[in-house]
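Topology and contacts: notes
Residues per chain, in single letters:
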Amino acid sequence: MVPLVLIDARAGRGRAPTMWTPWIKTEAGSKFLGIVAAIEEDVAAGRLAEGDRMPAQRGVAAALGIDLTTVTRAYGEAKVRGLLTAAPGRGGTRVAPAAPGKARRSLADPVDLSLNIPPQPARADLGARITRATAEVLRAGTRVLQYHSAAGSDADRAAAAAWLRGTRGIGRPGQIVVAAEAQAALYATCQALLGPGAVVCCGALTYPGIRAAVAARGAVLQGLVMDEGGIVPEAFAEACARGPVAALYLVPTMDNPTTATIDAGRRAELARIAAAHGVTIIEDDPYRELAVDPPPAIAGIAPAHTVHIATLAKCATPGLRVAYLLAPSTALADRIADVLRASTLMAPPLMTAVASRWIADGTLLGIVAALREECAARQEIAVRHLGAAAFRSEANAPHIWLPLPAPWSGDAFAAAAARDGVAVVPASAFAVGAAAPAAVRISLGAAPSRPALTSGLRRIAALLVSGPERREIGVV
């Protein structure tokens, strides 16, 4: 390979021009990462020094016999990783100085954008707040260290009712069950409500947890046609006309994974169809508190036909393993509590007591407000690096839905992103009964910081620009 001359402004001051041979470190797994790894290795070995001007991208592409976009991706990622920097007024791209007392980020540093969790903003001060609240709860007595009812203590059910009334306009303590988490509540609902072989309708793309809960009961999940507004009511009506449907599962606000929020009119229409056919709606609504002026809860529209599940894991912290379930009747609430007694026994009393205290003193609302701000900031980062038209989302949502350009498939893109150190979830993980679209879910809250999110989204943007290599799309 013919070496390229690095044009060095310091050459006239006693330093000879540096010669760099562009190369690809094959162990990196892809060409663009191989170039980044080569730059990192040469910097570490002293072959590239701080301030050295890098050769033009076209020259590197010609020297290596590769596409220009691959080099563009490599230079861009090297800048993200602190190896290179643009040099306004000095021309071109140069080797960056290492931050004082801080090593450059390793190529192996992963960015996990797959777990759909809320961000944990510093302003919320969750660790300190949990420590203080736990101490306050224990100072009030040790009853929280004892066994409680499977449905939750009277005090915790009253707090749950206050929370649901204040944030969702629903809530009757006698019909509320306090569960260890939303998935436990979903599992118990399916066990109490369904029989073997029962049909549960859901979107053609849906939260994978419902699949596990339905399968555990021996029931059948049936995917329905969706559009940008969620499940199409006509598709639900047709499913009911074809045969008995036991339940309709919905994530009506900031749907997981598509981010769609079902509007008030469609909610009312789905509720009307469900009532006409004797179908129970399972309204799994974990993101409602993050939404801006969401439509009325379906449990408020059709209280006699809806099981409503709310969790604090998505609007506060996953460490607060508390969910509130509102059943359409005390009889069904009791049956669900019986299942919880046999499976998880009860919600963790100490955590439920902390949640109840936070509801009473307004702390929980403050935490939600901090999460909304952080989610909004992360949505802005996504717009900045991917473009507003590139993805679907809702204001303050903790995740986005990214349709992919041809010839990408969701699985190929997720695999390529993983090789670049970014974890995302392909559409196939959410598909029910139909071919998965070319799309991935990106969880903005999973990154531990805004800079980490920025790094991950830049890598994703670079993949979108460069497209798949032949081996990634199965071309031989």
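A few points on the structure. (Residues numbered from 1 in each chain as written. Predicted model: local features only at pLDDT ≥ 70, side-chain atom pairs only at ≥ 80, totals over all residues. Heavy atoms only, no water.)

Here we look at the packing of helix α1 (residues 31-45) against helix α3 (residues 68-80)
Geometry of a packed helix pair, given as the angle between the helix axes and the separation of the axes. At a minimum axis distance of 8 Å, the contact between α1 and α3 shows a crossing angle of 45 degrees. Here α3 runs oblique to α1, going by the angle between their axes. Considering only the axes of α1 and α3, their crossing is right-handed. Residues K31, F32, I35, V36 and I39 of α1 lie in contact with α3, whose contacting residues are T70, V71, R73, A74, E77 and A78. (Axes fitted to C-alpha atoms, helices over the stretch in contact; angles between N-to-C directions. Helix = DSSP H or I, 4+ residues; strand = E, 2+ residues; numbered from the N terminus. Parallel < 35°, antiparallel > 145°, perpendicular 65-115°, else oblique. Left-handed = near helix turned anticlockwise from the far one by under 90°. Contact = heavy atoms within 4.5 Å.)

A short note on the packing of aromatic side chains
In this structure the tally under the stated criterion is 2 aromatic pairs. With 6.3 Å between their ring centres and 75 degrees between their planes, W401 and F430 make a pair best called edge-to-face. On the criterion of sequence distance, the pair formed by W401 in strand β15 (residues 399-403) and F430 in the loop between β17 (425-426) and β18 (439-443) is long-range, its members being 29 residues apart. Comparing W401 with F430, the two get one shared label, buried. Between the NZ or CZ atom of R73 and the centre of the ring of F32, over which it lies, the distance is 3.7 Å. (Phe/Tyr/Trp six-rings, centres within 6.5 Å; stacked < 30°, edge-to-face > 60°. Buried < 20%, exposed > 50% of the residue type's maximum accessible area, 1.4 Å probe, protein only. Lys NZ or Arg CZ within 6 Å of the ring centre and 35° of its normal.)

Description of the packing of helix α6 (residues 182-193) against helix α7 (residues 208-216)
Where α6 contacts α7, the two axes come as close as 8 Å, and the packing angle between them is 35 degrees. Handedness of the α6/α7 crossing: right-handed. Residues Q183, L186, Y187, C190 and Q191 of α6 form the contact with α7, whose own contacting residues are G209, I210, A213, V214 and A216. Of the residues assigned to the contact of α6 with α7, the class counts are 7 nonpolar, 3 polar and no charged. (Nonpolar A, V, L, I, M, F, W, Y, C, P; charged D, E, K, R; others polar.)

A look at the side chain of T363
The residue T363 is located in helix α13 (residues 363-386) in this model. A polar contact is formed between the side chain of T363 and the side chain of D361, at a distance of 2.7 Å. Apart from residues lying up to four places away in sequence, T363 is in contact with R129 and W358. (Polar contact = N/O pair within 3.5 Å; in protein donor to acceptor, adjacent residues only side chain to side chain.)

Comments concerning the pattern of salt bridges
Per the stated rule, a full pass over the model turns up 15 salt bridges. With a closest N to O distance of 2.3 Å, R321 and E181 form a salt bridge. With R321 in the loop between β13 (306-311) and β14 (323-326) and E181 in the loop between β6 (176-179) and α6, this pair connects stretches of sequence that are 140 residues apart. Under the relative-accessibility criterion, R321 is labelled partly exposed at 34%. By relative accessible area, which is 27% here, E181 ends up partly exposed. For D338, the salt bridge is made with R341, and the minimal N-O distance between the two is 2.6 Å. Taken as a pair, D338 and R341 lie in helix α11 (residues 330-343) at a separation of 3 residues, close to a single helical turn. (Salt bridge = Lys/Arg side-chain N within 4 Å of Asp/Glu carboxyl O.)

Here's the deal with helix α12 (residues 349-361)
The terminal C-alpha atoms of α12, which comprises 13 residues, lie 18 Å apart, in line with the 18 Å expected from a rise of 1.5 Å per residue. All buried positions along α12 are accounted for by P349, M351, T352, A353, V354, A355, S356, W358 and I359. Where α12 is buried, its residues contact α4 (126-139), α5 (154-168), β6, β14 and α13. Two residues or fewer after α12 comes G362, characterised by a positive phi angle close to 90 degrees. (Expected span 1.5 Å × (residues − 1).)

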